[in-house]
Amino acid sequence: MIGFTPPQIMSWGRRHLEGNVFTQGIVEQAEKYIPILRDQADLVIAVAHTGISTDEITSYDAQENAAYYLAQIEGIDAMILGHQHSHFPGDFADIESIDNDKGLIFGVPTVLPGSWGSHLGVISLDLAYDWNTGEWEVLDGSAALVPVDADVETHPLLAELVWPKHEATIEYVRTPIGWTDTEITSYFSRIMDNPVTQIINEAQIWWAEREFAGSEYEWLPILSAAAPFIAGRQGPTYFTHVQGDISIGSITDIYIYPNTIYVAKLNGKQIKDWLEAAASNFNQIDPSSAEPQHIVNYDFREYNFDVIEGIEYVYDITKPVGQRLVSAAFEGNPLDASMEFLVVTNNYRGSGGGNFPHVADNVILATTEINREAIIKYIQYIGEVDPAPTNNWKILPIETAGPLLYRSSPEGQGYVERNAIRGIDFLEVDEAGWGVYKVNLFELAEYLEEAALQQVN
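Source: prediction; values computed, not measured.

Cut-offs and rules
- Residues numbered from 1 in each chain as written.
- Predicted model: local features only at pLDDT ≥ 70, side-chain atom pairs only at ≥ 80, totals over all residues.
- Heavy atoms only, no water.
- Helix = DSSP H or I, 4+ residues; strand = E, 2+ residues; numbered from the N terminus.
- Expected span 1.5 Å × (residues − 1).
- Bend = angle between axes of the 7 residues up to and from the residue.
- Buried < 20%, exposed > 50% of the residue type's maximum accessible area, 1.4 Å probe, protein only.
- Contact = heavy atoms within 4.5 Å.
- Core = buried A, V, L, I, M, F, W, Y, C linked by side-chain atoms within 4.5 Å.
- Pairing = 2+ DSSP bridges.
- Axes fitted to C-alpha atoms, helices over the stretch in contact; angles between N-to-C directions.
- Phe/Tyr/Trp six-rings, centres within 6.5 Å; stacked < 30°, edge-to-face > 60°.
- Lys NZ or Arg CZ within 6 Å of the ring centre and 35° of its normal.
- Lys, Arg positive; Asp, Glu negative; His and termini not counted.
- Salt bridge = Lys/Arg side-chain N within 4 Å of Asp/Glu carboxyl O.
- Polar contact = N/O pair within 3.5 Å; in protein donor to acceptor, adjacent residues only side chain to side chain.

Asker: Would you take a moment to explain helix H3 (residues 26–38) for this structure?
Answerer: One turn of the α-helix equals 3.6 residues, which is why residues spaced by three or four share an orientation. The terminal C-alpha atoms of H3, which comprises 13 residues, lie 17 Å apart, in line with the 18 Å expected from a rise of 1.5 Å per residue. Maximal helix bending in H3 amounts to about 30°, located at lysine 32; proline proline 35 follows within four positions. By the burial criterion, the buried members of H3 are Ile26, Val27, Gln29, Ala30, Ile34 and Leu37. Considering only its buried residues, H3 is in contact with strand E1 (2–4), helix H4 (60–64) and helix H5 (67–70).

Asker: Help me out: how do you make sense of the nonpolar core in this one?
Answerer: Proteins that are soluble and globular tend to have nonpolar side chains buried together. If you look at the biggest cluster of nonpolar residues, it comprises 53 residues, and the most contacted ones within it are Phe188, Ile191, Ile271, Ile295, Tyr313 and Tyr315. Non-local contacts of tyrosine 315, meaning those with residues more than four positions away in its chain, are made with Leu275, Ala278, Ala279, Phe282, Phe305, Arg324, Leu325, Val326, Trp393, Lys394, Ile395 and Leu396. Within the second largest apolar cluster, 39 residues are counted, among which are Ile199, Ile205, Ile230 and Leu342.

Asker: Before we go on, may I ask you to explain the sheet that holds strand E16 (residues 312–315) in this structure?
Answerer: What links the strands of a sheet is backbone hydrogen bonding, and the strands pair in either a parallel or an antiparallel sense. Ordered in space as E18-E17-E16-E22, the four strands form an open sheet in which the pairing is mixed. Both edges of this open sheet fall to strand E18 (333–334) and strand E22 (393–395), since each of them pairs with a single strand only. In the packing of helix H9 (residues 268–278) onto the sheet, contacts are made with E16 and strand E17 (325–330), and the angle to E17 comes to roughly 135°.

Asker: I keep staring at the sheet that holds strand E19 (residues 340–346) and nothing clicks. Help me out?
Answerer: Read across the open sheet, the five strands follow the order E15-E11-E19-E13-E20; overall the sheet is mixed. Strands with a single pairing partner mark the edges of an open sheet, and in this sheet they are strand E15 (307–309) and strand E20 (363–370). Adjacent strand axes in the sheet meet at a mean angle of 25°, parallel and antiparallel pairs treated alike. Its contacts with the sheet put helix H7 (residues 195–211) on strand E11 (222–226), strand E13 (260–267), E15, E19 and E20, and the angle it makes with E11 is roughly 140°.

Asker: Is there a simple way to think about the packing of aromatic side chains in this case?
Answerer: Following the criterion strictly, the structure yields 25 aromatic pairs and no others. Ring plane angle 55° and centroid distance 6.5 Å describe the contact between phenylalanine 88 and phenylalanine 92, whose orientation is recorded as tilted. Classification of phenylalanine 88 by relative accessible area gives buried; the value is 0%. Its relative accessible area of 12% is what places phenylalanine 92 among the buried residues. Taking NZ or CZ as reference, arginine 407 lies 4.1 Å from the ring centre of tyrosine 298, over its face.

Asker: Just to check I follow, could you spell out unusual backbone geometry for this structure?
Answerer: What you tend to see is this: most non-glycine residues have negative phi, and most peptide bonds are trans. Across the junction of phenylalanine 88 and proline 89, the peptide omega takes the value 0°, indicating a cis bond. On the secondary structure map, proline 89 appears in the loop between strand E4 (87–88) and strand E5 (98–99). With phi around 55°, tryptophan 116 is a residue other than glycine that occupies positive phi space. By secondary structure assignment, the location of tryptophan 116 is in the loop between strand E7 (108–113) and strand E8 (119–130).

Asker: Looking at this model, I keep getting lost on the side chain of arginine 233. Mind explaining?
Answerer: Looking at the element boundaries, arginine 233 is found in the loop between E11 and strand E12 (241–247). Notably, arginine 233 is buried but unbridged: the nearest opposite-charge side chain belongs to glutamate 302, and the N-O separation is 5.4 Å. For arginine 233, the side chain forms a polar contact with the main-chain oxygen of glutamine 84, separated by 2.9 Å. Ignoring any residue separated from it by four or fewer positions in sequence, one finds arginine 233 in contact with His83, Gln84, His85, Tyr238, Tyr257, Arg301, Glu302 and Tyr303.

What follows is the structure, given as structure tokens:
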């Protein structure tokens with residue numbers, strides 16, 4: 001076996017890796033080492049922390065998810081993939097040289113078994129032994145995913161070994177820390193401000209105000225960036241919903257990753273560039289098209305859709321990538337390079353994760369404080385929280401010839417009705433189980449404006 005990891009680890013784990021190791025591209029290194037291993041082994045299995053992308057090989061995404069190009073290197077008999085949380089065979093249909101039925105990428109049996117232990121990847125190889133050369137030959141191969149049955153009986157020895165830790169963990173995550181009447185949900189987090197990013201940002205600003213009190217940076221305005229981490233990536237049931245008692249376990253539903261707090265010092269122009277990068281969340285809408293158009297680019301990861309609290313901004317989704325931010329202001333003044341801010345984020349973004357401009361180069365504080373812990377402390381301090389969205393960002397209303405659509409959990413229908421949200425109407429549940437909604441951006445903007453005024457009053 002030979003292992004590969006994407007060169008982006010130098011950004012994601014910069015604090016631990018910089019100055020200690022260096023990386024090169026997966027494909028580049030495979031071309032170097034696979035022939036060496038091939039001369040020494042009967043079978044070569046690539047175990048790669050990478051996913052599948054058909055973008056140009058030099059692109060950021062293909063460097064991170066390099067399996068499509070890795071499979072083209074002669075000498076690999078099978079691949080075991082990870083990182084992307086997608087499923088193969090299954091998720092990559094109608095792509096040249098990918099066989100979803102047999103689980104082959106350029107003829108190489110491959111598994112990418114999702115996440116959270118949801119599937120078992122099974123690779124089958126038909127082998128023949130050549131008695132003359134003493135070598136094995138792969139005649140054929142295939143790969144498949146087997147869903148893990150939640151009702152599978154636990155092995156008694158394993159249960160005995162982990163039971164004390166399991167019970168202690170359950171007791172810990174059930175520890176109550178606060179209460180909320182607000183539905184903290186991510187159902188519509190990619191088209192409107194939402195309680196999930198609101199509670200994260202409120203907690204991070206609260207943390208930073210205490211951290212920087214009396215410091216050389218005390219005079220700088222504090223902003224905070226957060227993304228809706230659980231917002232459909234794993235399917236129509238993969239959304240945050242917390243209400244009532246808030247436990248430590250609830251915070252994992254709000255902030256799933258064990259990131260640590262980073263703080264960057266940025267000017268207004270750099271923050272605008274940050275917001276432009278986040279706007280890749282949207283599709284470019286053609287107002288003249290009579291065909292249904294989905295507002296959101298679902299291939300864009302929700303954990304890269306940063307919402308920055310403390311400023312007000314508007315996106316025009318008829319514009320191409322890089323031109324969608326049509327206004328951004330702080331206390332009524334347009335953002336520009338003369339303004340300076342502290343922006344609270346996490347180690348993933350602060351180390352270059354997501355390929356956002358400026359952030360990693362301007363980090364002034366890299367802590368070991370886990371973002372989730374800051375949220376827990378904030379809620380414990382407040383007791384009863386009400387993270388009603390400030391609606392500080394909006395999509396510019398536009399007239400379109402055809403309907404604008406958004407997909408989310410079917411449970412979002414009840415959320416819309418309970419909160420009397422105007423401009424979002426449930427249409428149907430599609431074949432994949434997604435709730436499909438029609439969005440009227442004018443009605444939604446009016447609703448958000450009224451909600452923001454209620455917040456102020």
